[in-house]
Amino acid sequence: MQTPQRGAPNLLLILLCPVLLAVVLAAVESQALYELEKEPAYWDAQARATLDAALKLHPRNHRAKNIILMEGASGEETVLAMDTFPYVALSKTYSVDKQVADSASTATAYHCGVKANAKTVGLSANAVAYECNTTFGNEVYSVLRRAKAQGKSVGIVTTTRVQHASPAAAYAHSVSRSWYSDADLPSSARRQGCVDIATQMVTNVDIDVILGGGRMYMTPKGTPDPEYPTSNSRKGDRKDRRNLIDVWLNAKPNKRSHYVWHRKEFDEINPKTTDRLMGLFEPKDMRFEVFRNSTRDPSIVEMTEKAIQILSKNPKGYFLFVEDEWRIDHGHHDGIAKLALTEAVMFDQAIQRAAQLTRESDTLTVVTADHSHVFTFGGNTPRGNPIFGLAPKKADDKMPFTSILYANGPGYVHINGTRGNITMVDYYDEEYMQQAAVPLDAETHGGEDVAIYAKGPMAHLFHGVKEQNYVAHVMAYAACLEPYTNCPAHPHNHTSAGCVNTPSSFLFGSLGLLWLFR
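Residues numbered from 1 in each chain as written. Predicted model: local features only at pLDDT ≥ 70, side-chain atom pairs only at ≥ 80, totals over all residues. Heavy atoms only, no water.

Enquirer: Explanation requested: helix 10 (residues 300–311) in the structure shown.
Expert: Given 3.6 residues per turn, any residue in an α-helix points the same way as the ones three and four places further on. Between the first and last C-alpha of helix 10 there are 16 Å, a value that for 12 residues agrees with the 16 Å anticipated at 1.5 Å per step. Within helix 10, 9 of the 12 residues are buried, which leaves the element mostly enclosed by the surrounding structure. Turning to helix 10, its buried residues number three or more, namely I300, V301, M303, T304, K306, A307, I308, I310 and L311. (Helix = DSSP H or I, 4+ residues; strand = E, 2+ residues; numbered from the N terminus. Expected span 1.5 Å × (residues − 1). Buried < 20%, exposed > 50% of the residue type's maximum accessible area, 1.4 Å probe, protein only.)

Here it is in structure tokens:
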């Protein structure tokens, strides 16, 4: 029989104490970091440090001593326009308060350069969602707004409502991404001085080109929609009785401004004789590309083309934000991959058209996404297998499955305890809902990193894995916008000091987001 070792418990306690202490210290540090992340200065300093590190990198053009070949070239060979961009990075999309972010906080990051809280746009993380009085003093300002302040023309193109979170972060400051019109504001928010997003769009900054949906948030309550005059659900929404389309049209009387809502009017717009253009083609979001009526609504490709043609007349350059993210996003939330992927194809065509209309020598083009989705593609499919087709083998439940699936969403359908037999339906149909592993009313965002593609001046600063707010800092640096003053030199004038040159144009887009900056 062994003698009890009385010292063992004390020894164990001594050994555990450092571990417990480390846990406590980690919790304290985590809370302290959370408080720091509320401040714009934290994100500015972090992005500046990352930018400084990027500036120290130089292209290497000497002979390679070693070569590493990583095999992975057996994928499908189609090359998208964004695939041809020479610089690629990854963007970490979490927000200050969420591991898996929403479009409002991510838009604030890539537009304004600071990470924020979910549901808020154009505000630091000191602002609390839905609490109006936390708006004031916590505003952060976008690259679009800074570009306008330096005399550049600016524009927004989107397939959603122009008041949606992704474009809204470029011009608005709101504790709720859903306060599209004044009818959406609680009475307490109105009393405290908060302003709806639509009003901010036409009053905060002079946006030269605005193309997308969202008519109903711009007109007085009860105003019949010009395209759907008998629809009560599509009538004007504003309680303040203001017509914000007229407010925008009359804001610059010395400029040639036009408003259109139909494809015919849009096609008749002459970019050479147009300084400002607002086109609102649906009461809310524009239709999915699959269902778009091409006689009534322009495509994202056509809107991008018209925007560049108008904005590029400014000799000081322009900033253009192009978004197809929300319709891609909607398709995924609905669990219908064909809707989402068709939008992605159209977005890539917009990228291609933008490339044809711009020069890489003076235009920085950035393509990224605000977040991912729980969308997966697998199943050991052979080369050439239709993307919406079946995997070659059946699952363990002896049932077939498509190569595209979702981790969660409305596609979870079990009959008598088993999955439905998808061969009994047309899984190539435009509205076929892919199967999902977990039942939810709507599929959710994903939390993994997303790609950043870049070309043009200073595009090499996009490399490696970066925080999402870094995107805004590179764009601001590349065009010598606040807060950057020690900027890249002007081409053909490398001896000059300060901000004499920079790309005069920016094209920025998100998967859909596309920024064009010249």
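Having seen it, we continue.
Enquirer: What is the right way to look at a negative patch on the surface in this model?
Expert: A cluster of like negative charges, contributed by D426, D429, E430 and E431, occupies part of the molecular surface. Relative to the elements of secondary structure, D426 occurs in the loop between strand 12 (418–419) and strand 13 (436–439). (Patch = residues over 30% accessible without salt bridge, like charges linked within 9 Å, V, L, I, M, F, W, Y side chains within 5 Å. Areas by Shrake-Rupley, 256 points an atom, 1.4 Å probe, with all protein chains shown as cover. Salt bridge = Lys/Arg side-chain N within 4 Å of Asp/Glu carboxyl O. Lys, Arg positive; Asp, Glu negative; His and termini not counted. Charge placed at Lys NZ, Arg CZ, Asp CG, Glu CD.)

Enquirer: What am I meant to see in helix 2 (residues 40–55) here?
Expert: Here helix 2 contains 16 residues, and its C-alpha end-to-end distance of 22 Å stays within 8% of the 22 Å for a straight helix at 1.5 Å per residue. Considered for burial, the residues of helix 2 that qualify are W43, A47, L51 and A54. Projected down its long axis, helix 2 shows its buried positions confined to an angular sector of 65 degrees, all on one face. (Arc of directions from axis to C-beta.)

Enquirer: What's the story with the packing of helix 3 (residues 103–112) against helix 13 (residues 470–478) in this structure? I'm lost.
Expert: When two helices pack together, their arrangement is given by the angle between the helix axes and the distance between those axes. One way to put it is that helix 3 packs onto helix 13 with a least axis distance of 5 Å and a crossing angle of 25 degrees. The angle between helix 3 and helix 13 falls in the class roughly parallel. Seen from above, helix 3 lies across helix 13 with right-handed handedness. The segment helix 3 lies against helix 13, with A109, Y110, H111 and C112 engaging V471, A472 and M475. (Axes fitted to C-alpha atoms, helices over the stretch in contact; angles between N-to-C directions. Parallel < 35°, antiparallel > 145°, perpendicular 65-115°, else oblique. Left-handed = near helix turned anticlockwise from the far one by under 90°. Contact = heavy atoms within 4.5 Å.)

Enquirer: Where do I start with the sheet that holds strand 13 in this structure?
Expert: Strands pair in a sheet through their backbones, by hydrogen bonds, and they do so in one of two ways: parallel or antiparallel. Taken in spatial order, the 3 strands make up an open sheet running 9-10-13, and their pairing is mixed. Sheet topology places strand 9 (375–377) and strand 13 at the edges, where each strand pairs with a single neighbour. Sheet twist, expressed as the mean angle between neighbouring strand axes with direction ignored, is 20 degrees. Relative to strand 10 (residues 404–409), strand 9 runs antiparallel, the two sharing 3 bridges. (Pairing = 2+ DSSP bridges.)

Enquirer: What exactly am I supposed to notice about the state of the cysteines here?
Expert: Joining two cysteines, a disulfide is a covalent bond between their sulfur atoms. In total, this model carries 1 disulfide according to the counting rule given. Across the disulfide, C132 is cross-linked to C194 (sulfur-sulfur distance 2.1 Å). On the S-S bond that ties C132 to C194, the torsion sits near 115 degrees, and the link is right-handed. Of this pair, C132 sits in the loop between helix 3 and helix 4 (143–149) while C194 sits in the loop between helix 6 (187–191) and helix 7 (197–203), and the two are 62 residues apart along the sequence. Like C132, the residue C194 is buried in the burial classification. (Disulfide = S-S within 2.5 Å.)

Enquirer: Mind showing me how you'd approach the pairing of strand 7 (residues 363–368) here?
Expert: In the case of a regular strand, side chains alternate between the two sheet surfaces. Within strand 7, 6 of the 6 residues are buried, which leaves it mostly tucked inside the rest of the structure. Burial along strand 7 is two-sided: T363, T365 and V367 and L364, V366 and T368, pointing in opposite directions, are all buried. For strand 7 and strand 15 (residues 450–455), the ladder comprises 4 bridges, and the chain directions are antiparallel. Counted as the bridge partner of T368 is I452 from strand 15.

Enquirer: Help me understand empty space enclosed by the protein in this model?
Expert: In the structure shown here, the tally under the stated rule is 1 cavity of 30 Å³ or more. By volume, the largest cavity amounts to about 80 Å³. Along the wall of the largest cavity there are 13 residues; nearest its centre are T159, R287, E289, R292 and I300. Listing elements by their share of the lining of the largest cavity, those giving two or more residues are helix 10 and helix 12 (337–357). (1 Å grid on protein atoms, 1.4 Å probe; cavity = no way out; pocket = protein on both sides within 12 Å on 5 of 7 lines; lining within 4 Å. Points joined across faces, edges and corners; volume = space filled by probe spheres on them.)

Enquirer: Would you take a moment to explain the nonpolar core for this structure?
Expert: Nonpolar side chains in soluble globular proteins tend to be buried together. Counting residues in hydrophobic clusters, the biggest one holds 58 residues, and the most contacted among them are Y171, M201, I207, M218, M278 and F462. In terms of residue count, the dominant contributor to this core is helix 13 (8 residues). When near neighbours in sequence (up to four residues on either side) are disregarded, M201 contacts V162, Q163, Y171, I207, I210, M218 and M278. (Core = buried A, V, L, I, M, F, W, Y, C linked by side-chain atoms within 4.5 Å.)

Enquirer: Looking at this structure, how should I read the confidence of the model for the protein?
Expert: Detailed reading of the predicted coordinates is not advisable wherever pLDDT is low. For the protein, the mean per-residue pLDDT works out to 86, and 84% of the residues sit at or above 70. Within the model, the stretch residues 493–501 combines pLDDT values under 50 with 15 contacts to residues more than four positions away or in other chains. (pLDDT = per-residue confidence, 0-100.)

Enquirer: Looking at this model, I keep getting lost on the UniProt feature "binding site: Zn(2+)" (unreviewed entry) in the protein. Mind explaining?
Expert: In the numbering used here, UniProt assigns the "binding site: Zn(2+)" (unreviewed entry) feature to D329, H333, D370, H371 and H445. With a relative accessible area of 0%, D370 lands in the buried category. Only 2.9 Å separates the side chain of D370 from the side chain of S103, close enough to count as a polar contact. Within the secondary structure, H445 is located in strand 14 (residues 445–446). Overall, the relative accessible area of 13% leaves H445 in the buried class. Apart from the residues within four sequence positions on either side, H445 is in contact with V100, A101, D102, S103, D329, H333, H371, S372, H373 and V374. (UniProt positions renumbered as here; feature names shortened; annotations may be inferred. Polar contact = N/O pair within 3.5 Å; in protein donor to acceptor, adjacent residues only side chain to side chain.)

Enquirer: Which parts of the structure should I look at to understand a positive patch on the surface?
Expert: Together, R190, R191, K221 and K239 line one region of the surface with positive charge. On the secondary structure map, R191 appears in helix 6. Accessibility expressed as a relative area gives 65% for R191, which makes it exposed.

Enquirer: Even after reading the chapter, I still don't get the pattern of salt bridges, so can you show me in this structure?
Expert: Between side chains of opposite charge, pairing is possible as soon as their charged atoms come close. For the coordinates displayed, the defined rule picks out 24 salt bridges. In this structure, the salt-bridge partner of R263 is D267, at a minimum N-O distance of 2.9 Å. Here D267 and R263 lie together in helix 9 (residues 263–268), a separation of 4 residues that amounts to about one turn. Taking relative accessible area as the criterion, R263 reaches 14% and is therefore assigned buried. Close ionic contact of R287 with E282 constitutes a salt bridge, the shortest N to O distance being 3.7 Å. The class of E282 is buried, set by a relative accessible area of 4%.

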